[in-house]
Amino acid sequence: MRFNYLVDTGAWKSVEESRVASIEEMQVWDGLSDARITFNANEANIGHNNGQAPHMATMTENLNLQRALLRSLDASGVAEIIDNTKVSRIEKDTRNGGWPLVHTSNGEVLRARLLVGADGPNSPVRSYAGIESYGWAYDTRAIVATLNHAPRLAGLQKQSKTAYQRFLPTGPIAFLPLSPTSSSLVWSTKPTLAAALTATDPQALVHMINAAFRLPEVSIRYLHRFVLDEKQQMSSDALLEEIRWRERAHVIDQHSVFSSHAFDGIGIPPSDAEMLPPLVTSIQPGSVASFPLRLSHADSYIGEGEHGSRTALLGDAAHTIHPLAGQGLNMGLADAQALAECIQSAVLVGGDIGSRTALLPYARARYFENHKLLSATDKLHKLYSSTFSPVVWVRSVGLEVVNELDTLKAAIMMTAGSSSSVQKQRFDASSWATAARSVELAGSAWRAATSVGKTVEGVLAAGLSNLLTSSGRR
Amino acid sequence: MQTLLRLSRPLLCIARSLPRVAFARSAKLSTASVAASSVNQEEIQFFSRLSSQWWDESGEFGLLHKMNPVRVQFVKNKIFETVHDDGFEEIAEREKNGKILDGLDVLDVGCGGGLLSESLARLGANTLGVDASASNITIASLHAAQDPALCRTSALGNVPLQYRNAAAEELVEEPKRFDVVCSMEVIEHVDNPAAFLRSCAELVKVSYELNSPGGHLFLSTVSRTPLAYFLTILAAEKLLQLVEPGTHTFSKYVKPAELIEFFQKPLGAAGRPWISHVYDGMPVRQEAEVRGMAYLPWKGAWTLAPRGAFGSTECNYLFWVRKPLSSRV
């Protein structure tokens, strides 16, 4: 849905397509029990709008998207961008109606009818408006990097359009494809470990990433201690040696997908190769960074009363979220869309876009939506940080059960960032069904009615076959 | 009791549609001429006391702020429709969203703090806001002065928004006439609604062009029904005290049928009636229209009821009527 917004505004046209990957499948598994859930857009038949193949999410680098947005702003000709300039302070125009005055580092003073705070987690606009925010820091930092790896073998394997995420007790590690030979990493882990990993030799980080997707949790815990203890003189070779030793101890075959020995391209790759991300070979220089994770939610998205009038917050300035569900950008884009719609409808009736009355619909549209996601993500984080075995058992059984329920999985995929085409289809179907009552459209209505019938059948059949297969297994 | 009150609070907010100017006593809209001014001094004092709160959007006038977009939308829609009906489809389509009010002379009678006037001025209308309370005009002018978009003088030397402390009757004496006259939430506060309506009607421009009727008159008020009494007076003023007690006077409320009846009679010796036909108590769409409006607490916004929706005009409603061709009132 958010993706469609970018398409509708025309910003997507300026995106570098070769650095865009649509994700068709997602593999998520539990680091302790290996319980696994697979989301597949092809199976659920979602996201195939605008002539695209079914997909559940679209990945691209931040820079690519930012450049596209800047270009489309330039092309629109209505926005003026003041670059290489910082906001030095914001104050209230006390003499003249309390409009915000933004002082910039080049000495200009801008008097704002509406000051939109899209200025990140430490938003100066939020502090100007006196909006409190609540939340807590997770004892976690996220490491991000762009990874290089060999492409999947043409002819034998599909090019990877699969995202992988393994939930370790220290936090989830995610592997998101960008192109056939590069992917993006988001690894949430303990701050001490994150510091050691980002400071170390990049090749050692490569080994640690590969191991984090492959080794049993007990060995990963050991490796973490190893990294922390030896960070002064740890060499990547010593680390690899240690990993190989642990593989032998776990009886991992050299040709298995779980091995750190790169598949050399001769012969047939392991049959389960697509259960795991490809082995990372190197890290793009300068792409490693880490940032602290926090849950926070502003008490209000629009400034209240005398002090905060004519301000609105969106994106990270309004809320920060754990990246495990990959919803941060989606939420920000949804905020931007809602605020833009709100401003547009105010302009159409001659409203003052900085007024509380004009902005209230924005807060009403977004606050509760964001709150639901923030809280669901927070609960997931807590659920998966546990190593207490009953909790592990319950979450694993839950995951496996959900994995068997195709309709529920489709619903999850739709909310987690895929396009709204399925909803649109459903709407079309029902509107056609209504039209069926009119005589003129009897012919097409018949077609619509049968297609609705088929969908219902399909759902039933899928449910039944799942029941049968699962009872068969027992 | 506390909970009960809190629960019923949103529903009763409907009652907060507040008035702007003040003026007579009789609720019957007689066409017999009354020379006296329609300004009611008590009402003027009442709203002058509240004037500082006009622009506190979460305060006393919060519901009026929220009502404003619906009123403006109604004004825009009706003007769009008439431009279309007059055969200027292209102009209408082109300016549907943007500038349908551009360049029109608009008068806001009983402008209060200027909520409606500012919106109309932003849409491009040459707006004059008048109010019988001097303190309202002070507040309105001060507020508009803060907004550069409203004080900018155009190339022709026009200021998009001006305010004057005057009653409708004083303007009638002057030669200036307007394409659009609005008087929102005012008529239920005037002393002689018939005289007041006649003044407003007089201020609407006459068209001398062939086949093109004259200007528009927009009103909004509260109907004199048990529901309106319950919501606007019993609940809002007496039980919940959301609104200053004394804001509304039930007997001054005006029913849509009374407005329609008023405009069915000729407004002057030689004039034509503004509404020529009535079907089922309702005028034809090209001559006049009554639309109900209701506050939906679960959406936090007012909504314009569909044309002819059952019971929709039992409380707050909007009224539009157009000066007929060659009427000299």
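What you are looking at is a predicted structure, and each value in this text was computed from that prediction instead of being measured.

Trainee: Any details on the UniProt feature "binding site: Mg(2+)" (unreviewed entry) in chain B? Residues and values, ideally.
Mentor: All names here are of chain B. Listed under "binding site: Mg(2+)" (unreviewed entry) in the UniProt record, and renumbered for this structure, are Glu185, Glu188 and His189. Position of glutamate 185 among the secondary structure elements: in the loop between strand S4 (180–184) and strand S5 (190–191). For glutamate 185, a relative accessible area of 0% corresponds to the buried category. Polar contacts involving the side chain of glutamate 185 include one to the side chain of serine 220, which spans 2.6 Å. Structurally, histidine 189 is set in the loop between S4 and S5. Side chain to side chain, histidine 189 and glutamate 43 meet in a polar contact 3.0 Å long.

Trainee: How would you sum up the packing of helix H9 (residues 193–203) of chain B against helix H11 (residues 256–264) of chain B? Please name residues and give values.
Mentor: All names here are of chain B. Running from N to C, H9 and H11 cross one another at 60°; their axes reach a closest spacing of 12 Å. It follows from the interaxial angle that H9 and H11 lie oblique. Every pair of crossing elements has a handedness; the one defined by H9 and H11 is right-handed. Every residue of H11 that contacts H9 at Ala194, Leu197, Arg198 and Ala201 is listed here: Leu259, Phe262 and Phe263.

Trainee: Please set out the packing of aromatic side chains residue by residue, giving values where relevant.
Mentor: Inspection of the entire model under this criterion finds 15 aromatic pairs over all chains. Ring plane angle 90° and centroid distance 6.0 Å describe the contact between Phe175(A) and Phe213(A), whose orientation is recorded as edge-to-face. Taken together, the positions of Phe175(A) in strand S11 (residues 171–179) and Phe213(A) in helix H6 (residues 202–214) put the pair 38 residues apart, joining distant regions of the chain. Exposure remark for Phe175(A): the relative accessible area of 1% places this residue in the buried category. Exposure remark for Phe213(A): the relative accessible area of 2% places this residue in the buried category. Centre to centre, the rings of Phe250(B) and Tyr253(B) are 5.8 Å apart; their planes meet at 65°, and the pair counts as edge-to-face. On the basis of relative accessible area, Phe250(B) is assigned to the partly exposed category, the value being 29%.

Trainee: Account for unusual backbone geometry, with residues named and values stated.
Mentor: Peptide bonds are, in most cases, trans, and in most cases residues other than glycine have a negative phi. Residue and element names in this part refer to chain B. With a phi close to 55°, glutamate 185 is a non-glycine residue in the positive phi region. With a phi angle near 55°, aspartate 280 is a residue other than glycine that sits in the positive phi range. With respect to the helices, strands and loops of the structure, aspartate 280 is situated in the loop between strand S7 (278–279) and strand S8 (282–283).

Trainee: Which residues make up the UniProt feature "domain: FAD-binding" (unreviewed entry) in chain A, and what are the values?
Mentor: Residues given the UniProt feature "domain: FAD-binding" (unreviewed entry) here are residues 36–219 and 306–343 of chain A. Annotation note: span residues 306–343 of chain A, helix share 50%, strand share 13%, distance between end C-alpha atoms 21 Å.

Trainee: Can you tell me about the domain arrangement of chain A, naming the residues and giving the values?
Mentor: Residues and elements named next belong to chain A. We note that the domain assignment places domain 1 (1–23 + 41–135 + 297–416) and domain 2 (138–291) within chain A. Our count for the domain 1 to domain 2 interface comes out at zero salt bridges. The interface formed by domain 1 and domain 2 contains two residue pairs in polar contact (both at pLDDT 80 or more). Breaking the side of domain 1 that touches domain 2 down by element, the ones donating at least two residues are strand S1 (20–23), strand S4 (57–60) and helix H11 (356–385). Residue classes in the side of domain 1 that touches domain 2 are distributed as seven nonpolar, seven polar and three charged.

Trainee: So what about the interface of chain A and chain B? Which residues, and what values?
Mentor: Listed per partner, the contact involves 16 residues of chain A and 22 residues of chain B. Taken as a group, Leu348(A), Val349(A) and Thr357(A) account for 36% of the area that chain A buries against chain B, more than any other trio of residues on that side. Here chain A and chain B share two salt bridges between them. Asp147(B) is paired through a salt bridge with Arg113(A); the nearest N and O atoms lie 2.4 Å apart. Contributions of two or more residues to the side of chain A that touches chain B are made by helix H10 (328–348) and H11 of chain A. By residue number, the principal contributor to the side of chain A that touches chain B is H11(A), which donates four residues. Of the residues contributing to the side of chain A that touches chain B, the split by class is five nonpolar, six polar and five charged.

Trainee: Summarise helix H7 (residues 217–229) of chain A; cite the residues concerned and give the values.
Mentor: Residues spaced three or four apart along an α-helix face the same direction, because each turn holds 3.6 residues. Residues and elements named next belong to chain A. The end-to-end C-alpha distance of H7 is 18 Å, a good match for the 18 Å that 13 residues give at a rise of 1.5 Å each. Taken together, the buried positions of H7 are Glu217, Ser219, Ile220, Leu223, His224, Phe226 and Val227. Along the long axis of H7, the arc covered by the buried residues comes to 165°, so they all point the same way. The inward-facing, buried residues of H7 contact strand S10 (162–168), strand S12 (182–189), helix H5 (191–199), H6 and helix H8 (236–249).

Trainee: Hey, could you go over the side chain of His216(B) for me, with residue numbers and the actual values?
Mentor: All names here are of chain B. Mapped onto the secondary structure, histidine 216 falls in strand S6 (residues 216–222). Side-chain polar atoms of histidine 216 contact the side chain of tryptophan 320, separated by 3.0 Å. Residues in contact with histidine 216, not counting those within four places in the same chain, are Ile79, Thr82, Asp179, Val180, Val181, Val204, Trp320, Val321 and Arg322.

Trainee: Break down the packing of H7(A) against H8(A) for me, with residues and values.
Mentor: Helices that pack against each other are described as a pair by the angle of their axes relative to one another and the distance between those axes. All names here are of chain A. Axis separation between H7 and H8 bottoms out at 11 Å; the angle between their running directions is 160°. Classified by the interaxial angle, the pair formed by H7 and H8 is roughly antiparallel. For H7 against H8, the interelement crossing comes out right-handed. Residues Ser219, Tyr222, Leu223, Phe226 and Val227 of H7 pack against Ala238, Leu239, Glu242, Ile243 and Arg246 of H8. Looking at the contact of H7 with H8 residue by residue, the classes come out as seven nonpolar, one polar and two charged.

Trainee: Account for the sheet that holds S6(B), naming residues and giving values.
Mentor: Residue and element names in this part refer to chain B. Pairing in this open sheet of eight strands is mixed, and the strands run S3-S2-S1-S4-S6-S11-S9-S10 from one edge to the other. If you trace the sheet from one side to the other, it starts and ends with strand S3 (161–165) and strand S10 (301–304), each paired once. Strand-to-strand twist across the sheet, computed as the mean angle between neighbouring axes with direction ignored, equals 20°.

Trainee: Quick rundown of helix H6 (residues 134–145) of chain B? Include the residues and the values.
Mentor: Residues and elements named next belong to chain B. Between its first and last C-alpha, H6 extends 16 Å over twelve residues, near the 16 Å set by a 1.5 Å rise per residue. The complete set of buried residues in H6 reads Asn136, Ile137, Ala140, His143 and Ala144. Buried residues of H6, viewed axially, fall in a sector of 135°; they line one side. At its buried positions, H6 is contacted by helix H2 (41–49), helix H5 (115–122), strand S2 (126–131), helix H7 (148–151) and S3.

Trainee: Residues and numbers for the pattern of salt bridges, please.
Mentor: Counted according to the given criterion, the structure contains 34 salt bridges over all chains. Among the ionic pairs, Asp93(A) bridges to Arg111(A), the shortest N-O distance being 3.0 Å. Of this pair, Asp93(A) sits in the loop between strand S5 (87–92) and strand S6 (100–104) while Arg111(A) sits in strand S7 (residues 109–111), placing them 18 residues apart in sequence. Among the ionic pairs, Glu289(B) bridges to Arg307(B), the shortest N-O distance being 3.2 Å. In this pair, Glu289(B) is assigned in strand S9 (residues 288–296) and Arg307(B) in the loop between S10 and strand S11 (316–322), connecting sequence segments 18 residues apart. Taking the relative accessible area as the measure of exposure, Arg307(B) reaches 45% and is therefore partly exposed. The network of salt bridges with shared partners includes Lys78(B), Glu81(B), Asp85(B), Arg285(B), Glu289(B), Arg291(B) and Arg307(B).

Trainee: I'd love a proper account of the UniProt feature "binding site: S-adenosyl-L-methionine" (unreviewed entry) in chain B, names of residues and values included.
Mentor: Residue and element names in this part refer to chain B. Those places that UniProt annotates as "binding site: S-adenosyl-L-methionine" (unreviewed entry) correspond, in this numbering, to Arg71, Gly110, Asp131 and Met184. Within the secondary structure layout, arginine 71 lies in helix H3 (residues 62–85). Mapped onto the fold, methionine 184 is located in strand S4. Assessed through its relative accessible area of 0%, methionine 184 is described here as buried.

Trainee: Describe the sheet that holds S7(A), naming the residues involved and giving the relevant values.
Mentor: All names here are of chain A. Taking strand neighbours across the sheet as the criterion, the three strands line up as S5-S6-S7 in an open arrangement whose pairing is antiparallel. Every other strand in the sheet has two partners, leaving S5 and S7 as the edge strands with one partner each. Taken pair by pair, the neighbouring strands of this sheet meet at an average axis angle of 20°, ignoring direction. Pairing analysis gives three bridges linking S6 to S7, with the strands arranged antiparallel. The partner of histidine 103 across the bridge, within S7, is valine 109.

What counts and how
- Residues numbered from 1 in each chain as written.
- Chains lettered and ligands numbered in written order.
- Predicted model: local features only at pLDDT ≥ 70, side-chain atom pairs only at ≥ 80, totals over all residues.
- Heavy atoms only, no water.
- UniProt positions renumbered as here; feature names shortened; annotations may be inferred.
- Helix = DSSP H or I, 4+ residues; strand = E, 2+ residues; numbered from the N terminus.
- Buried < 20%, exposed > 50% of the residue type's maximum accessible area, 1.4 Å probe, protein only.
- Polar contact = N/O pair within 3.5 Å; in protein donor to acceptor, adjacent residues only side chain to side chain.
- Axes fitted to C-alpha atoms, helices over the stretch in contact; angles between N-to-C directions.
- Parallel < 35°, antiparallel > 145°, perpendicular 65-115°, else oblique.
- Left-handed = near helix turned anticlockwise from the far one by under 90°.
- Contact = heavy atoms within 4.5 Å.
- Phe/Tyr/Trp six-rings, centres within 6.5 Å; stacked < 30°, edge-to-face > 60°.
- Domains from an automatic or database assignment.
- Salt bridge = Lys/Arg side-chain N within 4 Å of Asp/Glu carboxyl O.
- Nonpolar A, V, L, I, M, F, W, Y, C, P; charged D, E, K, R; others polar.
- Buried area = accessible area lost by both parts, 1.4 Å probe.
- Expected span 1.5 Å × (residues − 1).
- Arc of directions from axis to C-beta.
- Pairing = 2+ DSSP bridges.

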